[in-house]
Amino acid sequence: MQLRENIYAVGAKDPDLRIFHGFATHLGTTYNAYLVLDEKVTLIDFVKAPFAEELLANIRAVLGERPVDCLICNHVEPDHSGALPAVTAAYPEAKVYGTLAAEKELRALYPDTVYPFVPVKAGDTLHTGAYTFHFVPMPMVHWPDSMATYLPEEKILFSNDALGQHIGTGELFDSELPLETLLKEAGAYYANIVLPFGAPVKKVLTAAAGLDIDMVCPSHGLILRDYIPQMLACYSRWCENGTDENRVVIVYDTVWGATEKLARKLAAEWAEKGFAVEALKLPETPISDVMTRLLEAKYIFVGSPTLNNNMLPTVAAFLTAMRGLKPKGRVGLAFGAYGWSGEAAGQIQDILTACGFETLEPIKVQWNI
Ligand code: FEO
């Protein structure tokens, strides 16, 4: 797919993917890679291993027998580097460009793959003729190796995971879907992938603010042309853990219905007070959907009955995921029904406290409400 005179999208679509390492990808996803033609030919990013032949076919459809000279590895996670062995086998003379961390990780992940590697750091460039690629390391957005690549002659930022979305429904550019859909999926991606890394994201946004950008080519989902300011505004809010003081998310599971009744009672009471309340039941609501909903919620209420002296495993799984994703600046409330021992609400309270949340008084009810 040609994006500009010398620039092509050559990645792969994965529209039927429904789980991406635990993330419910309702719209599938894409693994984007970009080919830039100049005196030297550059491939930016790879694809997941099962899509390697598709990537190579897309490259050959543009280049024919002309080789690729430079391979920019913006990120080592296997959804982007999985095709590296196939691509380096097809183009054995090509040099791989990436951060020092990327080299270390690539050598560990693909120990039998041989290729020349050129480590790059902030401020380094790659001249390919008329074009000069600028490397912008962005450690922990999403891994230590992560970086973006900027092409000033085309005003394009190849942003890798940053500003991506799991949208694999066939569109190429942002304006092909409603802005609301784009931002909802970008929010889901941020909440489930990027949320722990607010401080590094802020640094990247500061660096990006100094660049003249009129196209953002991420490694997942749609290319941004029309909605760059709106997307950057969302990232600016999300990286600061900006929340809506009026929003409450109640997440719970239940055994015989008492904790569910308690969840509904809480929802009704807080709605009566004027809050926008959503009650989400586990496990039918995937954990990643809960994370998406609580991205901007000030209040997070978590409920479980007590079973065998513990909270339910579904609720424990959610709390494990949420704690790892590190939302900040929230107010938590633990609640749950019980028969005789009643440990669950206290266990939830402990985790909400460990998350750094301000907490409200836990609510426990015996047998029924
Ligand atoms: Fe899309 Fe961190 O990989």
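Residues numbered from 1 in each chain as written. Predicted model: local features only at pLDDT ≥ 70, side-chain atom pairs only at ≥ 80, totals over all residues. Heavy atoms only, no water.

(A) Inspection of the sheet that holds strand β14 (residues 147–151) at higher detail. The strand order across the open sheet built from 5 strands is β12-β13-β14-β15-β16, with neighbouring strands paired in mixed fashion. Strand pairing shows two members of the sheet lacking a second neighbour, β12 (125–127) and β16 (215–218), which therefore form its edges. Direction aside, the axes of adjacent strands within the sheet are offset by 20° on average. Across 4 bridges, strand β13 (residues 132–137) lies against β14 in antiparallel orientation. Bridge pairing in β14 places His134 opposite Tyr150. (Pairing = 2+ DSSP bridges. Helix = DSSP H or I, 4+ residues; strand = E, 2+ residues; numbered from the N terminus. Axes fitted to C-alpha atoms, helices over the stretch in contact; angles between N-to-C directions.)

(B) Looking closely at the sheet that holds strand β1 (residues 2–4). On the basis of which strands lie adjacent, the open sheet formed by 7 strands has the order β1-β2-β7-β8-β9-β10-β11 and mixed pairing. Lying at the two open borders of the sheet, with one neighbouring strand each, are β1 and β11 (117–119). Across this sheet, the average inter-strand angle for adjacent strands is 25°, counted without regard to direction. Here strand β10 (residues 95–98) runs beside β11; their pairing, made up of 3 bridges, is parallel. When the sheet's bridge partners are listed, Gly98 is paired in β11 with Pro119. Helix α1 (residues 52–63) rests against β2 (7–9), β7 (34–36) and β8 (42–44) of the sheet, and its axis sits at about 25° to β7. Sitting on the sheet, helix α4 (residues 100–109) touches β10 and β11, and the angle it makes with β11 is about 145°. (Contact = heavy atoms within 4.5 Å.)

(C) Up close: the nonpolar core. Ranked by internal contacts, the top residues of the largest apolar core, which has 91 residues, are Leu35, Leu43, Leu55, Phe318 and Met322. Among the elements that line this core, the one with the most residues is helix α5 (residues 179–194), at 9 residues. Residues in contact with Leu35, not counting those within four places in the same chain, are Asn6, Ile7, Tyr8, Val10, Val41, Thr42, Leu43, Ile59, Val62, Leu63 and Val68. Ranked by size, the runner-up nonpolar core spans 23 residues in total, among them Ile7, Ile72, Val120 and Cys217. (Core = buried A, V, L, I, M, F, W, Y, C linked by side-chain atoms within 4.5 Å. Buried < 20%, exposed > 50% of the residue type's maximum accessible area, 1.4 Å probe, protein only.)

(D) Spatial organisation of the side chain of Thr128. In this fold, Thr128 is placed in the loop between β12 and β13. In this structure the side chain of Thr128 is engaged in a polar contact, spanning 2.7 Å, whose partner is the side chain of Asp38. Excluding residues that lie within four positions of it along the chain, Thr128 makes contacts with Asp38, Glu39, Lys40, Thr42, Cys70 and Phe133. (Polar contact = N/O pair within 3.5 Å; in protein donor to acceptor, adjacent residues only side chain to side chain.)

(E) Representation of the environment of Tyr31. Along the chain, Tyr31 falls in strand β6 (residues 29–31). The exposure class assigned to Tyr31 is buried, which follows from its relative accessible area of 0%. In this view, Tyr31 contacts Gly11, Ala12, Asp14, Leu17, Phe20, Val47, Lys48, Phe51, Asp79, Ser219 and His220; residues no more than four positions away in its chain are not counted. Separated by 3.1 Å, the side chains of Tyr31 and Lys48 make a polar contact.

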